[in-house]
Each structure stands twice: as C-alpha cells, then as structure tokens.
Amino acid sequence: MIVETSDLWRTFGGVAAVAGVNFKLEPGELRCLIGSNGAGKSTFFKLLTGQLRPSKGHISILGRQTTTSQPFEISRLGVGIKTQVPNLFEGLSVRENLHLAARRTHAGKATRLAAEAMLEDIELADRAGAPVRELSHGQRQWVELGMVLVSEPKLVLLDEPAAGMTQAEVERTAMLLQRMRKDRAFIIVEHDMHFVRNIAERVTVFHRGRILVEDTMEAVTSNTEVRNAYLGQKFGKSHE
Ligand SMILES: Nc1ncnc2c1ncn2[C@@H]1O[C@H](COP(=O)(O)OP(=O)(O)OP(=O)(O)O)[C@@H](O)[C@H]1O
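This is a predicted model, so every value here is computed, not measured. (Residues numbered from 1 in each chain as written. Predicted model: local features only at pLDDT ≥ 70, side-chain atom pairs only at ≥ 80, totals over all residues.)

Peer 1: I keep staring at the environment of Gln84 and nothing clicks. Help me out?
Peer 2: Of note, Gln84 is situated in the loop between β6 (79–82) and α3 (94–102). Along the backbone, Gln84 and Asp121 are 37 residues apart, and their C-alpha atoms lie at a distance of 22 Å. (Helix = DSSP H or I, 4+ residues; strand = E, 2+ residues; numbered from the N terminus.)

Encoded structure:
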C-alpha cells in the first residue's frame, strides 16, 4: 500500500472531525476525496501530511509509520504536498520557482533540465521569465503543481487544486495532471465536481468524519446515500 490508515481519529474538543477512518491507496491510484462542508476531508488530509497529529489510530505512507511524523519528514519520504496556502516566491520568475523546487531532489545540470521540462509540462514556457506575482490565479496554481511534481514524488497530496478556477482553468488543470500522472499515486481533496469527473477513477466520500462510500464517480453520483449526504446540492453543478 502507498497509504494506509487504521482506525484514524482526530477530535477537536467534543467534535470528532475524523472518526475511525480505514483508508487504503494502492500504487498508481489517483483518488479524489469528496464530501460536504465539515465532512472531515481537510482534517484527514492534514493528518496525512503531518500538519495535525491523530488523537488515535495509525498512518503508514510508502511503507513507513508516519503517525507522529512532522511534515518535513513525510515530504522526505518522497511525498509532494500542495496545501491551500500558496507556497510561491512571488518576486521570482516561473523558471526560478521551478528551479528552486527542482534543487531539492536534483543536482547540477539535471536541476535545470528538470525545471525546463516542467515548464513545458505546465505549458508556461512563454511566461518563464515573468515574476510569479504577475500571473493569473490558474497559472499560479500550475506553477505550484509544477513545483510539487518537479521533485519526482512517489505520492502527491493535493488540497483543492481547482479552487477558485474558471471552468476552462479547471479543465486545463485536469489535463495537466493527467499528463503528469506517470506511475505516481495521488490523493486529491476537491469540491469541484466538474474537475473530479474529469480526473477521478475512484472517489472516497467523507461524511461526518467517516468514509461513507468508495467507488467509481458514476456509482457514487447515483448513490442515494451520497445524494442525501450532499442534500442533492453538488452533483448537478459544475462549480461550487
Ligand atoms: N482546528 C479546528 N478546531 C476545531 N474544530 C475543527 C478544526 N478543524 C476542523 N474542525 C471541525 O472538524 C469538522 C471537520 O472539518 P474539516 O475542515 O476537516 O471538513 P472538510 O470536509 O474539509 O470541510 P470543507 O469542505 O468545508 O473544507 C468540522 O466540524 C470542523 O468545524
């Protein structure tokens, strides 16, 4: 297993944000985590990335026990993490941002080659010299994705990569991610159903801190329990 959690809990005061989650991710899988507001997705994500400690239970990532690991230790295992907090060097160019990220895992000439290849992959070669602060929201997200992927992670954890994007940007993000799949495993927390439909194979639906169902997007969309949990709001719309 690439990721495995057993009886994972996280409580805040009296609230169980994550309540006994048994989750498994196999090599090469791309899994989207969905669920209504407050379902526990972000808390679960933060438990995986080491931003939060579990109240109970175990986590293993890439064969290591990471239950009490710090984010930097998890990242060193070969895990690429994109949180909702921007992680860009605003005054530096797109190329410089990618170069700095590539330096974490590449040396010498290979660093430049990896950064240049990623510029092409994210289709921003024509903006290579532009300071990141001058880019559109979508372009900034793609630079961040590039920064995560240029270090060749074995597992990629993304928290709402399509948030705030236009429909065209969402589609392009899905396409870029497909291109950068290779044999990597992904866990993606996402609200945007248009994006999830575009990219997901299997989805995990969270509800009240638990896994309600895990299945293909088609099966999940027509699942009555899931529809009720969402109050029928999400599945008819592209954007939330
Ligand atoms: N730091 C915290 N302190 C107290 N309660 C928290 C904290 N973080 C999350 N919670 C609570 O835990 C529950 C799950 O929240 P979480 O943010 O994980 O849900 P979510 O599925 O990610 O929701 P959203 O889609 O709105 O981001 C909610 O009831 C939330 O209020």
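Continuing now.
Peer 1: What is the right way to read the pairing of strand β4 (residues 56–61) from this model?
Peer 2: A regular strand places its side chains on the two faces of the sheet in alternate fashion. With five bridges connecting them, strand β1 (residues 3–12) and β4 associate as antiparallel partners. Note that in β4 the partner of Thr5 across the bridge is Ile59. Sheet topology places β4 next to strand β5 (residues 64–65); two bridges connect them, and they run antiparallel. Within the sheet, the bridge partner assigned to Ile61 lies in β5 and is Arg64. (Pairing = 2+ DSSP bridges.)

Peer 1: Honestly, the packing of α3 against helix α4 (residues 109–121) in this entry has me stumped. Any pointers?
Peer 2: Helix-helix packing is characterised by the crossing angle of the two axes and by the distance between the axes. Following both chains from N to C, one finds α3 and α4 inclined at 130°, their axes separated by 9 Å at the closest point. Accordingly, the angle class assigned to the pair α3 and α4 is oblique. Judged by the sense of rotation from one axis to the other, the crossing of α3 with α4 is right-handed. For the pair α3 and α4, the contacting residues are Val94, Arg95, Leu98, His99 and Ala102 in the first and Thr111, Arg112, Ala114, Ala115, Met118 and Leu119 in the second. When the residues that make up the contact of α3 with α4 are grouped by side-chain class, the tally is seven nonpolar, two polar and two charged. (Axes fitted to C-alpha atoms, helices over the stretch in contact; angles between N-to-C directions. Parallel < 35°, antiparallel > 145°, perpendicular 65-115°, else oblique. Left-handed = near helix turned anticlockwise from the far one by under 90°. Contact = placed C-beta atoms within 7 Å. Nonpolar A, V, L, I, M, F, W, Y, C, P; charged D, E, K, R; others polar.)

Peer 1: Which parts of the structure should I look at to understand the site of the ligand?
Peer 2: Around the ligand, the neighbouring residues are Phe12, Val15, Ala17, Gly35, Asn37, Gly38, Ala39, Gly40, Lys41, Ser42, Thr43 and Phe206. Going through the elements one at a time, β2 (15–25) and α1 (41–49) are the ones with two or more residues in the shell around the ligand. Of all the elements, α1 adds the most residues to the shell around the ligand, at three residues. By residue class, the composition of the shell around the ligand is five nonpolar, six polar and one charged. (Near = placed C-beta within 6 Å.)

Keep in mind these values describe shape, not function.
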